[in-house]
Amino acid sequence: MSDVLEKIPQCILVICNKDGTILKSVSPNSLDLPAPLLEPNSFIDFFQPVAREQISIKYNTLIQPGGGAQQLYSEQKSYTAFLTKQDIAEQEHHLWLIFPENKETEERCFSHYSAKELLNEAPAGLFVTDHQGNFRFVNQKWLEFTGIDTSAALGKGWLQSIHPDDLEVLQNNWNYYLAKNSEWGLEHRFLHKMGMETWVWSQSRPLFDHRNRFFGYLGICQDITAQKKGEENFQKVIQRLKKAQQVASIGHWYLDIQKNELEWSDEVFRLFGLQKQEFEPTYHSFLHYIHPEDREAVHNAYSQSLTQKSNYQIRHRIITKNQEVRYVEEACVHEKDENGEIIASIGTVKDISETILFERELKLAYMVFQNIHDSIVITDHTLKITDVNQAFTKLSGYSRQEILGETPRILKSGWHDTAFYAQMWQEINEKGYWLGEVRDRRKNGSIYIAEISITSVKDETGNLSNYIAISNDVTDRREKEKRINQLAYYDILTNLPNRILLQERVEQRIYGAAKQDQKFAILFLDLDNFKVVNDSLGHFAGDQFLREISSRIQKILYRSDIVSRISGDEFIILLDLIHKPEDAIKVARKIIQELSEPAFILNKTLQSSVSIGISIYPDDGLDYETLIRNADSAMYYVKQRGKNSYQFFREEMNQKAKERLNLEIHLRKAIKEGGFSLAFQPKVSLKERKIIGFEVLLRFENGESNIISPSIFIPLLEELNLIQEVGRWVLKQACILGKPIIDKYPGLSMSVNVSGLQLENSIFIAQVESIINETNFPPSLLDLEITESIALSSINQVHERMQEIAQMGIHISIDDFGTGYSSLYQISNLHANSLKIDRSFIRELTYNKKSAIVTKTIINLSKELKLFTIAEGAESLEEIHILQELQCDAVQGYFFSKPLSYDGLITFIDSFSWPIG
């Protein structure tokens with residue numbers, strides 16, 4: 001219409017229906033019209049009231065067929081109106097062009113513009129057809145739609161240039177309406193000859209002549225392309241919105257409060273698992289699907305929002321058609337009328353089930369993060385700390401506020417070097433994680449050991465975003481492990497590796513030496529006569545002495561060598577690398593020399609010697625057991641030949657080791673099967689020249705009927721801890737056999753040897769009491785012989801046992817006297833009744849003045865202390881005479897009798913006569 005106004009200046013365009021009610025009026029701003037005419041309600045309202053009756057008559061004339069144009073007058077101005085009629089929206093409408101009275105304008109309109117030309121100016125496509133549907137008139141706009149000229153259009157059917165996709169439907173409708181001569185209207189597309197599409201709304205009204213005969217159609221085509229595109233775009237938006245809602249699990253609803261009608265979007269139905277026909281669209285139906293426990297809260301929230309005329313948001317549970325419980329979040333706003341009253345509610349529903357689950361997991365993860373005992377540190381990709389948990393603050397001493405923004409370097413203790421951290425970060429960068437231990441520093445400066453795992457975290461694009469370090473304080477654990485390791489692998493007394501650790505190191509060395517064709521040596525050390533030190537000065541002094549020995553040995557060795565204490569006085573050395581056997585000899589000699597130097601223990605000067613056996617890998621063995629066994633054999637070889645030396649292993653030494661093993665087997669068998677026997681050696685008084693008693697001696701024969709010396713098998717019984725069982729058997733058997741002898745021969749006593757290990761045993765006294773009571777042997781006639789080294793030891797248990805023995809009325813003899821480290825004070829405090837002078841002094845009486853002096857001193861000392869003296873090992877008449885001169889009380893030895901069998905003892909006693917004239 002704006003085009004029409006531009007070509008027809010000072011024109012008012014009015015569209016009204018057939019009764020004159022104005023639907024639309026447009027006038028140029030330059031048109032000078034009275035104010036009342038700017039917003040008229042009816043066509044007649046353009047004129048003053050006094051003229052309206054006359055105008056109404058003329059108006060009715062104008063709207064009649066052929067009404068044409070007429071001049072209309074008001075009091076102020078006159079107008080010329082030009083009329084065309086159009087059917088719009090299925091109703092008859094009149095299109096008026098109204099001009100103020102102006103000669104120039106009037107002439108211009110009527111002289112230059114015919115009705116046809118005015119129709120060409122119309123913004124809609126206009127056409128007129130005959131009764132067959134062929135075009136008789138088309139205006140310019142219609143031609144623009146189709147792209148054809150007037151000559152091509154006239155005389156043709158109006159279906160030309162219709163879009164092929166719409167042609168069939170349109171032709172069916174056209175034929176239908178043409179046959180009925182009725183009005184019609186529909187949407188369709190024109191296809192321009194240049195390929196452009198135009199959407200139009202076409203309407204057509206039948207034309208009748210004065211005889212009411214149908215002679216054609218008058219039609220209009222209005223361009224609705226923009227509208228259709230808008231509708232298409234709107235539908236696209238709707239579809240995208242539905243898709244977005246589906247993706248986001250968000251639906252929307254609309255509740256008409258006055259009608260109680262509820263509308264749900266497709267996504268809401270999907271969320272509830274319902275089809276549209278399954279849901280009654282009311283508020284109460286909606287409440288039915290709310291979880292019963294949440295229903296009241298949802299209703300109250302909505303009711304309160306209505307009362308307060310406010311929006312609301314709430315989370316709650318729903319129950320789907322399949323009885324599945326899901327979580328949703330609702331948000332609601334309200335529509336209000338002009339009075340501010342709520343007339344409708346509009347809301348959204350979002351499925352947040354996964355969100356709730358995630359939030360729970362996140363909350364749980366945060367609770368774990370905060371309450372886990374492990375320390376957790378999170379940094380960004382630049383290593384700045386972004387978060388820590390409570391375990392970290394407790395471990396490090398830093399508060400969360402103090403540590404945020406810092407880097408883990410704040411914990412650096414300085415314990416690790418640059419290479420350590422370089423290796424750690426290389427592993428993190430290559431593998432994405434690192435596991436290990438670090439020593440960190442707390443805020444207060446103390447250092448702790450942390451077992452830590454560091455993991456790098458990447459974002460969804462693959463770029464590094466964070467580092468997470470999880471650690472825990474293992475200081476106490478490592479200390480405990482260290483202590484356990486110390487107990488498991490190190491000797492408690494000397495802190496040297498024990499047998500277990502030694503074996504590991506030797507086996508490792510075997511593996512390395514085998515690959516590199518190398519040699520190494522095993523030195524088996526045994527301290528000579530250490531038992532004497534232990535027994536005479538006590539275990540405390542012995543322990544101090546062993547520590548001193550260990551320290552001296554360590555000073556001699558290289559750092560790669562290992563010295564291990566494997567038993568009381570036995571050590572094994574692993575010489576890590578030797579080129580020739582002489583290298584082991586040098587070390588052995590240094591050890592012998594070093595250990596020969598005096599040691600000062602508890603204000604006493606002690607000297608020791610050592611026996612060393614040597615085995616060489618691979619010459620003397622290819623495994624740990626063989627190397628140790630062969631070195632042990634070599635050491636025993638040294639022991640048997642005088643001690644305080646060294647010896648390389650030779651194959652024949654294995655024979656000795658086999659003999660020792662064979663002896664052990666037979667000893668165990670003898671205990672089990674009763675393979676031991678007793679011998680008896682008389683004791684003779686030099687003053688009274690008669691038998692005063694006898695000593696019970698243990699005898700043992702191996703499986704080959706060879707008598708084994710007690711000096712060989714008794715130490716082995718002690719080493720194997722079998723002496724307790726054998727000693728008890730000896731005492732009981734001696735009492736059983738000795739009781740008839742002392743009953744038959746009054747004045748005789750019986751002596752039995754007791755091992756130091758027996759005295760150390762807490763049950764020894766009870767065993768003695770039990771045997772005496774069981775055999776009814778008189779305690780006063782029983783003499784228990786204890787070696788000097790045991791009797792004078794500092795072992796409290798030994799002294800206590802000796803006192804208890806004396807209290808029982810049993811006599812005590814100190815055996816092998818003179819070989820230990822005795823003192824006058826110690827002897828005076830013993831609970832002994834007699835001293836037995838060691839046979840080593842008696843053997844040398846006739847030719848060694850020193851031995852004679854020592855023997856005389858012992859006898860004189862005994863007399864002063866009122867102790868009975870017995871000389872062991874008297875074998876010659878000359879020795880007997882000397883002992884008589886020295887006033888020794890009694891003798892025991894081969895001069896009078898060797899050890900006898902039980903029957904032999906009875907015979908000896910019955911037939912005894914003093915053999916010296």
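Let me begin by describing the structure that accompanies this report. Computed from a predicted model, the values in this text were never measured in an experiment. (Residues numbered from 1 in each chain as written. Predicted model: local features only at pLDDT ≥ 70, side-chain atom pairs only at ≥ 80, totals over all residues. Heavy atoms only, no water.)

Turning next to unusual backbone geometry. The residue after Tyr-617, namely Pro-618, is reached through a cis peptide bond having omega 5°. Its location among the elements puts Pro-618 in the loop between strand S26 (609-617) and helix H21 (624-640). A positive phi is found at Lys-643, a non-glycine position, where the angle reads about 70°. Inspection of the secondary structure assignment puts Lys-643 in the loop between H21 and strand S27 (646-648). Residue classification places Lys-643 among the partly exposed residues on the basis of a relative accessible area of 31%. Phi angles above zero are rare outside glycine, and Gln-887 is one such case at about 65°. Within the fold, Gln-887 resides in the loop between helix H32 (877-885) and strand S36 (890-892). (Helix = DSSP H or I, 4+ residues; strand = E, 2+ residues; numbered from the N terminus. Buried < 20%, exposed > 50% of the residue type's maximum accessible area, 1.4 Å probe, protein only.)

Further remarks concern the packing of aromatic side chains. Under the counting rule described, the total for this entry stands at 33 aromatic pairs. Judged by centre distance (4.8 Å) and plane angle (20°), the rings of Trp-264 and Phe-272 are stacked. Residues Trp-264 and Phe-272 agree in their burial class; the two are buried. With a centroid separation of 6.0 Å and an interplanar angle of 90°, the aromatic rings of Phe-420 and Trp-434 are classed as edge-to-face. One end of the pair, Phe-420, is in helix H15 (residues 418-431); the other, Trp-434, is in strand S18 (residues 433-441), with 14 residues separating them in the sequence. Lying over the aromatic face of Tyr-637, Arg-650 brings its terminal NZ or CZ to 5.1 Å of the ring centre. (Phe/Tyr/Trp six-rings, centres within 6.5 Å; stacked < 30°, edge-to-face > 60°. Lys NZ or Arg CZ within 6 Å of the ring centre and 35° of its normal.)

Axis separation between helix H24 (residues 723-744) and helix H26 (residues 764-775) bottoms out at 10 Å; the angle between their running directions is 25°. Compared by their axis directions, H24 and H26 come out roughly parallel. Handedness of the H24/H26 crossing: right-handed. Every residue of H26 that contacts H24 at Arg-728, Leu-731, Lys-732, Cys-735, Ile-736 and Lys-739 is listed here: Gln-767, Val-768, Ile-771, Glu-774 and Thr-775. Its residues placed into classes, the contact of H24 with H26 shows five nonpolar, two polar and four charged. (Axes fitted to C-alpha atoms, helices over the stretch in contact; angles between N-to-C directions. Parallel < 35°, antiparallel > 145°, perpendicular 65-115°, else oblique. Left-handed = near helix turned anticlockwise from the far one by under 90°. Contact = heavy atoms within 4.5 Å. Nonpolar A, V, L, I, M, F, W, Y, C, P; charged D, E, K, R; others polar.)

Among the seven residues in strand S33 (residues 811-817), five count as buried, and that is most of the element. Both S33 and strand S34 (residues 834-837) contribute to a ladder of three bridges, which runs parallel. Of the residues in S34, the one forming a bridge with Ile-814 is Leu-835. (Pairing = 2+ DSSP bridges.)

The end-to-end C-alpha distance of H24, which contains 22 residues, comes to 31 Å, matching closely the 32 Å that a straight helix rising 1.5 Å per residue would cover. Along H24, the largest kink reaches about 35° and is centred on Gly-738; proline Pro-740 follows within four residues of it. Among the residues making up H24, those that are buried are Ile-723, Gln-724, Val-726, Gly-727, Val-730, Leu-731, Ala-734, Cys-735, Gly-738, Lys-739, Ile-741 and Ile-742. (Expected span 1.5 Å × (residues − 1). Bend = angle between axes of the 7 residues up to and from the residue.)

What follows concerns the packing of helix H17 (residues 499-516) against H21. Two numbers describe how H17 lies on H21: the axes approach to 10 Å, and their chain directions differ by 115°. By the criterion of interaxial angle, the relationship of H17 to H21 is roughly perpendicular. As H17 runs across H21, the sense of the crossing is right-handed. From H17, Arg-499, Leu-502, Gln-503, Val-506, Glu-507 and Ile-510 reach across to H21, where they touch Tyr-624, Glu-625 and Leu-627. Along the lines of polarity and charge, the residues of the contact of H17 with H21 split into five nonpolar, one polar and three charged.

The next subject is a negative patch on the surface. Taken together, the side chains of Glu-504, Glu-507, Asp-623 and Glu-625 make up a negatively charged region of the molecular surface. Here Glu-504 shows up in helix H17. (Patch = residues over 30% accessible without salt bridge, like charges linked within 9 Å, V, L, I, M, F, W, Y side chains within 5 Å. Areas by Shrake-Rupley, 256 points an atom, 1.4 Å probe, with all protein chains shown as cover. Salt bridge = Lys/Arg side-chain N within 4 Å of Asp/Glu carboxyl O. Lys, Arg positive; Asp, Glu negative; His and termini not counted. Charge placed at Lys NZ, Arg CZ, Asp CG, Glu CD.)

Quick look at the sheet that holds strand S19 (residues 447-458) now. Adjacent strands of a sheet form backbone hydrogen bonds with each other and so pair up, either parallel or antiparallel. With antiparallel pairing, five strands are arranged side by side in an open sheet as S17-S16-S20-S19-S18. A single partner strand is all that each edge strand has here, and the edge strands are strand S17 (385-388) and S18. When the angles between neighbouring strand axes are averaged without regard to direction, this sheet yields 25°. Note: S18 against S19, nine bridges, orientation antiparallel. Across the sheet, the residue bridging to Tyr-433 is Thr-455, located in S19. Sheet strands touched by H15: S18, S19 and strand S20 (464-473). Its angle to S18, the strand with the most contacts, is close to 150°. Relative to S19, helix H16 (residues 475-489) is tilted by about 125°, and along the sheet it contacts S18, S19 and S20.

A few words on the pattern of salt bridges. Applying the stated rule across the entire model yields 38 salt bridges. Between Asp-165 and Arg-189 there is a salt bridge, with its nearest N and O atoms 4.0 Å apart. One end of the pair, Asp-165, is in helix H7 (residues 164-180); the other, Arg-189, is in strand S8 (residues 184-191), and 24 residues separate them in sequence. Look at Asp-165 and you get exposed, because its relative accessible area is 58%. We note a salt bridge from Arg-189 to Asp-166, for which the minimum N-O separation is 3.0 Å. Of the two residues, Arg-189 is situated in strand S8 and Asp-166 in helix H7; the sequence distance between them amounts to 23 residues. Each member of the salt-bridge network shares a partner with another, and the members are Lys-683, Glu-695, Glu-785, Lys-836 and Glu-872.

The next point concerns the sheet that holds strand S10 (residues 214-223). Taken in spatial order, the five strands line up as S7-S6-S10-S9-S8 in an open sheet, and their pairing is antiparallel. Edge positions in the sheet fall to strand S7 (135-138) and S8, since each of these pairs with one other strand and no more. With direction set aside, neighbouring strand axes in the sheet form an average angle of 25°. When strand S6 (residues 125-130) meets S10, the two strands line up antiparallel, connected through six bridges. Within the sheet, the bridge partner assigned to Thr-129 lies in S10 and is Tyr-217.

Bringing the side chain of Ser-862 into the picture now. Its place among the elements puts Ser-862 in helix H31 (residues 849-864). Of the residues examined, Ser-862 reaches a relative accessible area of 0% and is grouped as buried. Within the structure, Ser-862 has its side chain in polar contact with the backbone oxygen of Ile-858 (distance 2.9 Å). (Polar contact = N/O pair within 3.5 Å; in protein donor to acceptor, adjacent residues only side chain to side chain.)

Moving on: the side chain of Thr-225. Within the element layout of this structure, Thr-225 appears in helix H8 (residues 225-248). Polar side-chain contacts of Thr-225 include one of 2.9 Å to the backbone nitrogen of Trp-199. Here Asp-223 takes part through its side chain, which lies 2.8 Å from a polar atom of the side chain of Thr-225. Each residue touching Thr-225, except ones within four places of it in the same chain, is listed here: Thr-198 and Trp-199.

A few words on empty space enclosed by the protein. According to the stated counting rule, one finds three cavities of 30 Å³ or more in the structure shown. Each pocket or cavity is described by its volume, and for the second largest cavity that value is around 70 Å³. Taken together, Trp-253, Leu-262, Trp-264, Tyr-283, Phe-286, Tyr-302, Tyr-312 and Glu-330 make up the full set of residues lining the second largest cavity. When residues of the lining of the second largest cavity are traced back to their parent elements, those giving at least two are strand S12 (261-264) and helix H10 (283-288). For the lining of the second largest cavity, the residue count by class is seven nonpolar, no polar and one charged. (1 Å grid on protein atoms, 1.4 Å probe; cavity = no way out; pocket = protein on both sides within 12 Å on 5 of 7 lines; lining within 4 Å. Points joined across faces, edges and corners; volume = space filled by probe spheres on them.)

Taken by themselves, the reported measurements are silent on function.
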